[in-house]
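# Inside the fold
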Amino acid sequence: MTSELLSLTAAQAAERTRAGDLDPRELWDLYRERAGADDLGAYLWLPDDAPEMDASGPLGGVPLAVKDLFCVEDVPSTSGSRILEGYRPPYTATSVRKLVDAGAPMLGKTNMDEFAMGSSNENSGYGPVKNPWDESRVPGGSSGGSAAAVAAGLAPWAIGTDTGGSIRQPAALCGIVGLKPTYGAVSRYGMIAFASSLDQCGPLTRDVTDAALLFGQMTGRDPCDSTSLDYPADPRLPSAERLDGLRFGVPKELLDTEGIEPGVRAVFDTTVKRIEELGATVEEIALPHSGHGLAAYYVLAPAEASANLARYDGVRFGIRAEAPDLLSMYEETRAQGFGDEVKRRIMLGTYALSSGYYDAYYGQAQKVRTKIADDFRAAFERVDLIVTPTSPTTAFPLGARTGDPLAMYLSDVLAVPMSLAGIPAISIPGGLADGLPVGVQLAGPAFSEFEICDAAYALERAIGFGDLPWK
Amino acid sequence: MEVASARQYEPVIGLEIHVQLATDTKMFCGCELSFGLDPNTRTCPVCLGHPGVLPVPNRRAIEFGLMIGLALGCEIAPRSIFHRKNYFYPDNPKAFQISQYDVPLCSGGELAGVRVHRAHLEEDAAKLVHAGESGRIHGAEASVVDFNRAGTPLVEIVTEPDIHSAAEAAEWARLLRETLRALGVSDVNMDEGSLRVDGNVSIRPAGEATLGVKTELKNMNSFRFLERGLDAEIARQEGILREGGQVEQETLHFDNRTGALSSLRSKEEAHDYRYFPEPDLVPIAPTEAMIEMARAAIPELPLARAERFERDHDLPADSARLLAFRGEQGDFFEAALAVSPSDPRTLANYVVNDVPPGSAATPEAVAKLVDLIGAGTVSRGAAKEVLEVLAAEGGDPEQIVADRGLGAAGGDELGAIVDQAIAENAGAVEKIREGKDQAIGAIVGAVMRQTKGRADGGEVQKLIRERIGA
Amino acid sequence: MGRTLFCGAVIDREQVNHVARLARLRLTDEQAEQMAAELSKVLDHIEKMGELDLADVAPTSHVVELENVLREDEARPSWPRDRMLAEAPDADAEGFRVPSPGS
Ligand SMILES: [Mg+2]
Ligand SMILES: [Zn+2]
């Protein structure tokens, strides 16, 4: 019975609970117990008591793992940082509240790279997360805890956040589905900010249907978020079996990226063939400025982060280092509370904004961003969807890139351009390379999430990725 | 060789005014504005800068900003954006202030000959309460932060350096305050900090065009202190230049009690605000409808009021401006004028000189007094005494006249006094008859002394001439 | 600080210390040294975008095309003081305590 329950996708489980065939409490107990026995480091906090169960909502009482970056009232919310140790927010993030209201009780808070800065989950202030496919490897990041939990059956589904690949890349490395929505589609209120103009939250799920189901309950304008919009379409679950008439574009600049592993390339090539077999056309397209995406991203995101993280000053919340005067209190608190990568990005961002450097760095990066968005706009006049590998590599060994920040940053080289353009993109498992999952990324124009999910669904069925690495 | 000390210097002053807007709620959250409440009773995750919160701008604050801009003749930016101004200080919860930078809401206006460079929206900081006994920054060990004020909507108005004396600066600031008061956008209370004026001061040899090094003067919390502070700084800079020294660019704190200026340089060091566009907010693009609504909400402003007083009531320019630029007195004048429209000049004169704001006199009483003068019941001299009583105690002027015997001397009483004065001033009578007309003053003076000012000067002269046949 | 941009130049330790001070991060000498090396490498990559001639391109600070997103000036209850002070590392009964600036 247990393994049968465990094999249900969230949507399948929700269907049963809503029909009265399954007690959601049973589901809760199963996953709560598994989460409690987590030895991957996927969770940072789990509740002692079961919440009240209600299966009547669209999410059917199926428990949800929540990245620690979301503020949840009176629940520890640290964004993976020691500087927020002990912080219990006095309010709840809009997206979490919406999902709980729709019937997905919070199962726990998942581990992550500190303040979402990282691509391996090794930057967590509370220890790394291990990849359930191979525990000597990273799960990707920054939503590594959420991805590992879903992949290992420690949660039916999860939410994470994506600033420059932080949902898609760990989803790819853990062999699950991750959807980064259009910027503005989901409220950011209550998401502990990394880079405000890029941050979006979205689902990490076992399959595309679960992603569409969860996403459909997250969207909508929030009066607490000035940058959120009404979603222009009604939620729907994917059902396409073929891709007839769809035009797919393969951006040659991104595929020429140095460092795409042969195994990743092979899975990608197979996927492209499958797309054609399903009735779609595939053509090469140009995104001429996408090669500069990573550079622009590593100016814009750290710059915004340098301001967003300035509030951690030991005055109103979080930790404080005792010091004899104000300046040392600030400096000591931040020196002790932040990890190395966070410091690096604060430094980078502060430098890029500092007097005399703004135009060359921040100003130029904003212009690159304009060009990248223009490139995508032009591309979507020719094709419906763009397809790339999600990550140049499969899951790499723990520690392999910690000494080389730039190498770590390159993990997101294929994911960052979509973030800069604010467009939606999904990563689905395309197959294995040397026994490790390879993700394929599908990107579409703004607010095309359900079209993306339709195509991804058809492709998912054709790929038939199969079981996850249950323990 | 030119002697430095013999030079004349001309001050060049620009003002920066922070105006707290009188909205119900803060700039970016729904906490109510407050003054004098218990510390930290008007806060929320947003105005405390908690992780994950986002700002949402207050519509009325934008409207008030537009009203101020339009009232100052500014251009309204078709699309203005907010920036983050980054600096660490315990009164700054997010460690950045949301302000406007290169595209302010309003720019390029003018008020009474002083150009307005810009007017932009921003949020106020919290209050640091210093635990040390001095109540000032230096010497205190620990401070406590009260975030009630944090996030209060502000409009910062920056003038061009078009002002050339401390007195002029104070007068212009008064006019600005009255303009803001008339707009109803702020409490404009300098004591409570809802209006805060900083001055940028430099001096240059008279007649030269290039600007000298400027200093910034803060914490002048009344118009009197503004004038004193600017004068002190002008004198300090002159002293430096006369001794051949150089003025250093710095921010100075003016001590209202001692009149001393002290440098705030330690706080200034390494200032690099790293402005960049606030990614949590979208642009403000005032629509035609928003601008028209703001324009329609603008009442008559002090400058226009002064012109109207001059034009419609025939007031001298000076008293018209004095009344219009001190709104309360202008209101008093108009209320009195509604009761007694016959002699606006006399009325204006009394309002400006004799019934200070807050006195016990009512507009009705002052109006009635002017009527009594017009009817010849009270002389102008005696009216001054009635005004003193009105200002100090209030009451009804007719009653005061009756109680104190201040009614105008006239008829047989005055005739008898005039006769007596003529008799006692034979020498003066002689001189008048010889054509030295000004000698009449001695006789008039005697009559006035005798009547204690209750007689009308013109009337007395007429009687004297009749009596002596001159 | 007078280094030319986009010539593969690096950030030195002095600049690192200046920036660290702006950001209120205390770095040991060793950390500053390492930071200078790491940032130089990243900046080297970043500076490649300087090769693009984008003089006439408008900057994009935001991809959403929204304007005038405002809230009505309507008060809602503030949070209880005790709840907010409970998060503070150092508070008295009424407020957030800090070492005095300037002391
Ligand atoms: Mg200001
Ligand atoms: Zn508030």
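Residues numbered from 1 in each chain as written. Chains lettered and ligands numbered in written order. Predicted model: local features only at pLDDT ≥ 70, side-chain atom pairs only at ≥ 80, totals over all residues. Heavy atoms only, no water.

### Some thoughts on the interface of chain A and chain C
Taken together, the 68 residues of chain A in the interface contact 56 residues of chain C. Both faces combined, the contact of chain A with chain C buries some 5,500 Å², and carbon together with sulfur accounts for 67% of it. Three residues, Glu331, Met347 and Tyr351 of chain A, lead the burial of chain A against chain C; their summed loss comes to 12% of the area buried on that side. Between chain A and chain C we count 6 salt bridges in total. Taking the shortest distance from any N to any O, the salt bridge between Arg83 of chain C and Asp74 of chain A comes out at 2.9 Å. At the surface where chain A touches chain C, the tally comes to 22 residue pairs in polar contact (both at pLDDT 80 or more). Sorting the residues of the side of chain A that touches chain C by element identifies helix 10 (293-308), helix 11 (326-337), helix 12 (340-353), helix 13 (359-382), helix 14 (405-409) and helix 15 (416-421) of chain A as the ones contributing at least two each. (Contact = heavy atoms within 4.5 Å. Buried area = accessible area lost by both parts, 1.4 Å probe. Salt bridge = Lys/Arg side-chain N within 4 Å of Asp/Glu carboxyl O. Polar contact = N/O pair within 3.5 Å; in protein donor to acceptor, adjacent residues only side chain to side chain. Helix = DSSP H or I, 4+ residues; strand = E, 2+ residues; numbered from the N terminus.)

### Examining the packing of aromatic side chains
As enumerated under the stated definition, the model contains 27 aromatic pairs over all chains in all. In this structure an aromatic cluster arises from ring pairing among Tyr87, Phe115, Tyr312, Phe317 and Phe338 of chain A. For the cation-ring pair, Lys85 of chain B lies above Tyr273 of chain B, with the distance from its terminal atom to the ring centre recorded as 4.4 Å. Sitting above the plane of the Phe225 of chain B ring, Arg224 of chain B keeps its charged end 5.2 Å from the centroid. (Phe/Tyr/Trp six-rings, centres within 6.5 Å; stacked < 30°, edge-to-face > 60°. Lys NZ or Arg CZ within 6 Å of the ring centre and 35° of its normal.)

### So, the coordination of the magnesium ion (ligand 1)
Residue and element names in this part refer to chain B. Taken together, His18 (NE2), Glu122 (OE) and Glu156 (OE) make up the protein donors of the magnesium ion (ligand 1), found 1.9 to 2.4 Å from the metal. Spacing between the donor residues of the magnesium ion (ligand 1) along their common chain follows H-x103-E-x33-E. Taken as a pair, His18 in strand 1 (residues 9-20) and Glu156 in strand 9 (residues 153-159) lie far apart in primary sequence, 138 residues in all. Given a relative accessible area of 13%, His18 falls into the buried group. The buried category is assigned to Glu156, whose relative accessible area is 11%. (Donors = N, O, S within 2.8 Å, 3.2 Å for Na, K, Ca; no water. Buried < 20%, exposed > 50% of the residue type's maximum accessible area, 1.4 Å probe, protein only.)

### So, the coordination of the zinc ion (ligand 2)
All names here are of chain B. At this site the zinc ion (ligand 2) is bound by Cys29 (SG), Cys31 (SG), Cys44 (SG) and Cys47 (SG), with donor distances of 2.3 to 2.4 Å. Classification of the site at the zinc ion (ligand 2) rests on its 4 donor atoms, whose angles at the metal span 102 to 114 degrees, yielding the label tetrahedral. As a motif over one chain, the donors of the zinc ion (ligand 2) read C-x1-C-x12-C-x2-C. (Tetrahedral: all angles 85-135°; square planar, octahedral: opposite > 155°, others 65-115°.)

### A few points about the pattern of salt bridges
In the structure shown here, the tally under the stated rule is 64 salt bridges over all chains. Note that Arg461 of chain A is salt-bridged to Glu241 of chain A, the shortest N-O span being 3.8 Å. Placement of Arg461 of chain A in helix 16 (residues 449-463) and of Glu241 of chain A in the loop between helix 7 (208-216) and strand 7 (247-251) is noted, with a sequence separation of 220 residues between them. Here the salt bridges share partners, and the residues they tie into one network are Arg188 and Asp225 of chain A together with Arg84, Glu278 and Asp280 of chain B.

### Description of helix 2 (residues 29-46) of chain C
For helix 2 of chain C, spanning 18 residues, the distance from its first C-alpha to its last is 25 Å, which sits close to the expected 26 Å at 1.5 Å a residue. What helix 2 of chain C keeps buried is the set Ala32, Met35, Ala36, Glu38, Leu39, Ser40, Val42, Leu43 and Ile46 of chain C. Structurally, helix 2 of chain C contributes buried residues whose contacts are with helix 10, helix 12, helix 13 and helix 14 of chain A together with helix 1 (13-22) of chain C. (Expected span 1.5 Å × (residues − 1).)

### Thoughts on helix 2 (residues 10-19) of chain A
Residue and element names in this part refer to chain A. Restricting attention to buried positions, one finds in helix 2 the residues Ala10, Ala11, Ala13, Ala14 and Thr17. Buried residues of helix 2, seen end-on, are gathered within an arc of 155 degrees and therefore sit on one face of the element. With respect to the buried face of helix 2, the exposed residues turned more than 90 degrees away are Glu15 and Ala19. Elements in contact with the buried residues of helix 2: helix 3 (24-36), strand 4 (157-162) and helix 7. Residue Gly20 follows helix 2 closely and has a positive phi angle near 85 degrees. (Arc of directions from axis to C-beta.)

### What about the interface of chain B and chain C?
Each side of the interface is counted separately: chain B has 55 residues, and chain C has 34 residues. Both faces combined, the contact of chain B with chain C buries some 3,600 Å², and carbon together with sulfur accounts for 56% of it. Of all residues in chain B, Arg59, Phe88 and Val282 of chain B bury the most surface against chain C, accounting for 16% of the area lost on that side. Taken together, chain B and chain C are joined by 3 salt bridges.

### What about the domain arrangement of chain B?
Assigned domains of chain B: these are domain 1 (4-295), domain 2 (302-404) and domain 3 (411-468). Distance between the C-alpha centres of domain 2 of chain B and domain 3 of chain B: 30 Å. (Domains from an automatic or database assignment.)

### Brief notes about the packing of helix 12 of chain A against helix 2 of chain C
Running from N to C, helix 12 of chain A and helix 2 of chain C point in directions that differ by 60 degrees, and their axes come no closer than 11 Å. Accordingly, the angle class assigned to the pair helix 12 of chain A and helix 2 of chain C is oblique. Taken as a pair, helix 12 of chain A and helix 2 of chain C cross one another with a handedness that is right-handed. The residues of helix 2 of chain C that touch helix 12 of chain A, namely those facing Lys343, Arg344, Met347, Leu348 and Tyr351 of chain A, are Gln31, Met35, Glu38, Leu39, Val42, Leu43 and Ile46 of chain C. Each residue belonging to the contact of helix 12 of chain A with helix 2 of chain C can be placed in one class, and the counts come to 8 nonpolar, 1 polar and 3 charged. (Axes fitted to C-alpha atoms, helices over the stretch in contact; angles between N-to-C directions. Parallel < 35°, antiparallel > 145°, perpendicular 65-115°, else oblique. Left-handed = near helix turned anticlockwise from the far one by under 90°. Nonpolar A, V, L, I, M, F, W, Y, C, P; charged D, E, K, R; others polar.)

### A few points about the packing of helix 10 of chain A against helix 13 of chain A
All names here are of chain A. Running from amino to carboxyl end, helix 10 crosses helix 13 at an angle of 125 degrees, the nearest separation of the two axes being 9 Å. One element, helix 10, and the other, helix 13, form an angle in the oblique class. Pair helix 10 / helix 13 crosses with left-handed handedness. Touching Gly293, Ala296, Val299, Leu300, Ala303 and Glu304 of helix 10 are Tyr361, Tyr362, Ala365, Gln366, Val368, Arg369 and Ile372, all from helix 13. Class assignment for the residues of the contact of helix 10 with helix 13 results in 9 nonpolar, 2 polar and 2 charged.

### Brief notes about the sheet that holds strand 11 (residues 436-443) of chain A
Residue and element names in this part refer to chain A. Taking strand neighbours across the sheet as the criterion, the 11 strands line up as 1-3-2-4-6-5-10-11-9-7-8 in an open arrangement whose pairing is mixed. One side of each edge strand has no neighbouring strand; the edge strands of this open sheet are strand 1 (43-45) and strand 8 (281-285). Averaged over all adjacent pairs, the angle separating strand axes in this sheet is 30 degrees, with direction ignored. Note that strand 1 and strand 3 (residues 106-110) share 2 bridges and pair antiparallel. Bridged to Tyr43 within strand 3 is Thr110. (Pairing = 2+ DSSP bridges.)

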